[in-house]
Protein chains: 2
Amino acid sequence: MKRLRALSACTLFVGLGLVAAVASAQDPLPSWNDGKAKQAIIDFVGEVTKDGSPDFVPVAERIATFDNDGTLWAEQPMYFQFLFALDRVKMLAPQHPEWKTKEPFASLLKGNVKGALAGGERAMGEIVMATHAGMTTAEFETLVRDGTANAKHPKTGRLYTEMVYQPMLELLAYLRANGFKTFIVSGGGIEFMRPWTEKVYGIPPEQVIGSSIKTKLALRDGKPVLVRLPAVNFIDDKAGKPVGINQHIGRRPILAFGNSDGDLQMLQWTAAGGGARLMGLVHYTDAVREWAYDRTSAIGRLDKALDEAKAKGWTGVSMKDDWKTIFPPVNK
Amino acid sequence: MKRLRALSACTLFVGLGLVAAVASAQDPLPSWNDGKAKQAIIDFVGEVTKDGSPDFVPVAERIATFDNDGTLWAEQPMYFQFLFALDRVKMLAPQHPEWKTKEPFASLLKGNVKGALAGGERAMGEIVMATHAGMTTAEFETLVRDGTANAKHPKTGRLYTEMVYQPMLELLAYLRANGFKTFIVSGGGIEFMRPWTEKVYGIPPEQVIGSSIKTKLALRDGKPVLVRLPAVNFIDDKAGKPVGINQHIGRRPILAFGNSDGDLQMLQWTAAGGGARLMGLVHYTDAVREWAYDRTSAIGRLDKALDEAKAKGWTGVSMKDDWKTIFPPVNK
């Protein structure tokens, strides 16, 4: 009976959003400087969780979506998934003597990434298929686990999974403490993210949406396996993001965060719903502690979305001004 | 401080699976007769939730997947989604004078369903595309809400959403009370289920997996919408079910329930994981209270899966013997 009472008290607290009250007694976003962005987030969460507020949103509908590359973790000097693919090309090269003379692999193996990418999307596609397909989903998961456990960022020497943004980790936790369900909606590979997002972001695999290649059920030693095929299944970028959100979630987010033009349609899709909304845009303005780039960057170009954010009053986050710290401390 | 203490007590209870202890003080499955099936379910839940048990499974990995047609709700005399499509054909007929002479519509409009379906999968596909595509996702949601709020089952006079199985509703609730996340994995249309699964089954849209047609982002009156296109995106049936599970959940279920050969690969996929597993198969054995069919039925054929269930010792559920009641009471 005592247990039952404690349980219903718990249910009640969550239902009434009192978790929020408890959590915000301390600063829920300690790595954010006081300013417009932080205030907009706290105000928004307050509005949608306050019972009786005109903008109150039931827990089940508190859906928050986050881009990954450049929003939750870094994306320079190159998307980390591409660095992972490069490592795989080097590892696989002995089994592919033909790569010595075949582009884009020949350039890659000579360390000439620019030359390799001169082939554009087709070259990129060939690299991805050569390194991401042909194995089972379980085998690929092991490759990703090994890669993310060992490969170091070329500039900072951190693991890729340590190149995540501390202020965003706090934001994810703050939202979840307020009944939000947090999702990743990334142009990156869904199976490249799932092995580590739960540990790093607290986001379970079923809340990760990303690009994918096709898979096919097959039998190996009498056991069913899923084999990764060299064929695109879905590109979760730009106009694909609302499609992916609808496919996986079936509900419109009330909060979305991105950092580039690839996120524009997700932010527009979020903004087009009724009631209170928060559209956030991380802006790389910190050449000292991280990077500074926007309208002309090849990676993470932020141009149209920057204009629209300004025109529509979305929540801009200046890395330099709004973030007290960039990365979490590294536990060795 | 009191609040904080109540909260951590709650977290602790859930973490330790004490919710289970509280719930099972009463019979958690009152509509199930005592017998092998009920005992297998209760034993399984006990094993995977008991801390220190060799088969203990952390909450995050307690994934349970359920087929819908014939497992959670009825599927006779015809899949309800097909009945919905027939109603739509009748409604749309005035806008399509050509249907008077064009199959499969001509036969359908004369009430000759068998004749219409003589065209096989192609005829079926034409009916689905004519009735399920061409509108926005929001418009389709409204059509489904209207349909499920009004259309009555031809035999029982109940709404389709009242043709759900009471013992399965109890099973879903029992699993969730024990930290399971419950998913639907159905050959039916994902967007046909989502508008009502939360209310009827307690399963939110993001935990519904099903077949789908393609969608495309477009602008209408300056607002982004998703338009449903007449092109198949994914068939979540047979060998497609493990593919769909991997795409949406990214984790292997530890419990799965189906009722037909369309569920065989989902059950095999579930069985192929390590540790304790429960594979359940609903068997239509009750010609008096519901239906009796298996190996030769055109709808919900259960043949290969029945053999495999017997050979592998999966949990067979005989509707006649294992279920005390079939449908929930209707609230008018």
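Model, not experiment: these values are computed from the prediction. (Residues numbered from 1 in each chain as written. Chains lettered and ligands numbered in written order. Predicted model: local features only at pLDDT ≥ 70, side-chain atom pairs only at ≥ 80, totals over all residues. Heavy atoms only, no water.)

Draft legend 1. Local environment of the overall build of chain A. On a plain count of helices and strands, chain A comes out with 14 helices and eight strands. Rg of the C-alpha trace for chain A: 21 Å, near the compact-globule value of 20 Å for 332 residues, within the 12% margin. For the C-alpha atoms alone, the extent of chain A along its principal axes is close to 65 × 50 × 40 Å. Counting over 332 residues, chain A shows a buried share of 55%. When contacts within chain A are restricted to residue pairs at least 6 apart in sequence, those whose partners lie at least 24 apart make up 66%. Carbon and sulfur atoms make up 56% of the accessible area of chain A, which amounts to about 14500 Å² in all. Taking the 41 positively charged and 36 negatively charged side chains of chain A as two groups, their mean positions are separated by 3 Å. (Helix = DSSP H or I, 4+ residues; strand = E, 2+ residues; numbered from the N terminus. Rg over C-alpha atoms; globule rule 2.2 N^0.38 Å. Buried < 20%, exposed > 50% of the residue type's maximum accessible area, 1.4 Å probe, protein only. Contact = heavy atoms within 4.5 Å. Areas by Shrake-Rupley, 256 points an atom, 1.4 Å probe, with all protein chains shown as cover. Lys, Arg positive; Asp, Glu negative; His and termini not counted. Charge placed at Lys NZ, Arg CZ, Asp CG, Glu CD.)

Draft legend 2. Molecular detail of empty space enclosed by the protein. In this structure the tally under the stated criterion is two cavities of 30 Å³ or more. For the largest cavity, the calculated volume is near 60 Å³. Looking at the largest cavity, the residues that line it are A:Ile190, A:Glu191, A:Ser212, A:Ile213, A:Thr215, A:Arg228, A:Asn233, B:Asn246 and B:Gln247. Elements supplying a minimum of two residues to the lining of the largest cavity: α10 (190-201), β3 (208-220) and β4 (223-234) of chain A together with α11 (240-248) of chain B. Looking at the lining of the largest cavity residue by residue, the class counts come to two nonpolar, five polar and two charged. If you add up the space inside the second largest cavity, you get close to 40 Å³. Forming the boundary of the second largest cavity are A:Lys181, A:Phe183, A:Glu206, A:Gln207, B:Lys181, B:Phe183, B:Glu206 and B:Gln207. For the lining of the second largest cavity, the secondary structure elements donating two or more residues are β2 (181-189) of chain A together with β2 (181-189) of chain B. (1 Å grid on protein atoms, 1.4 Å probe; cavity = no way out; pocket = protein on both sides within 12 Å on 5 of 7 lines; lining within 4 Å. Points joined across faces, edges and corners; volume = space filled by probe spheres on them. Nonpolar A, V, L, I, M, F, W, Y, C, P; charged D, E, K, R; others polar.)

Draft legend 3. Region of the structure containing the packing of aromatic side chains. All names here are of chain A. According to the stated counting rule, one finds 30 aromatic pairs over all chains in the structure shown. Look at Trp-32 and Trp-323: their rings are 6.0 Å apart centre to centre, the planes differ by 75°, and that puts the pair in the edge-to-face class. Of the two residues, Trp-32 is situated in the loop between α2 (18-23) and α3 (36-49) and Trp-323 in the segment after α14 (319-322); the sequence distance between them amounts to 291 residues. In terms of burial, Trp-32 and Trp-323 fall into one category: buried. Each member of the aromatic cluster is reached from another via a ring pair, and the members are Trp-73, Phe-80, Phe-84, Phe-140, Tyr-160, Phe-192, Trp-196 and Tyr-201. The ring of Phe-140 carries the charged tip of Arg-228 above its face, separated from the ring centre by 3.9 Å. (Phe/Tyr/Trp six-rings, centres within 6.5 Å; stacked < 30°, edge-to-face > 60°. Lys NZ or Arg CZ within 6 Å of the ring centre and 35° of its normal.)

Draft legend 4. Expanded view of helix α7 (residues 120-132) of chain B. In a regular helix each residue adds 1.5 Å, so 13 residues correspond to 18 Å; α7(B) covers 18 Å between its end C-alpha atoms and thus fits that length. If you follow the buried residues of α7(B), they end up packed against α4 (80-92), α5 (105-109), α6 (113-117), α8 (137-150), β3 (208-220) and β4 (223-234) of chain B. (Expected span 1.5 Å × (residues − 1).)

Draft legend 5. Main features of α8(B). Residues and elements named next belong to chain B. The end-to-end C-alpha separation of α8 is 20 Å, in line with the 20 Å expected for 14 residues at 1.5 Å each. Within α8, the full set of buried residues consists of Thr-137, Phe-140, Val-144, Gly-147 and Thr-148. Here the buried residues of α8 occupy an arc of 90° about the axis, which is enough to place them on one side. (Arc of directions from axis to C-beta.)

Draft legend 6. Fine view of the pairing of strand β1 (residues 63-66) of chain B. Residues and elements named next belong to chain B. A two-sided burial pattern is seen for β1, the buried positions comprising Ile-63 and Thr-65 on one face and Ala-64 and Phe-66 on the other. Where β1 and β2 come together, four bridges link them in parallel fashion. Across the sheet, the residue bridging to Thr-65 is Phe-183, located in β2. Pairing analysis gives three bridges linking β1 to strand β5 (residues 255-258), with the strands arranged parallel. Counted as the bridge partner of Phe-66 is Phe-257 from β5. (Pairing = 2+ DSSP bridges.)

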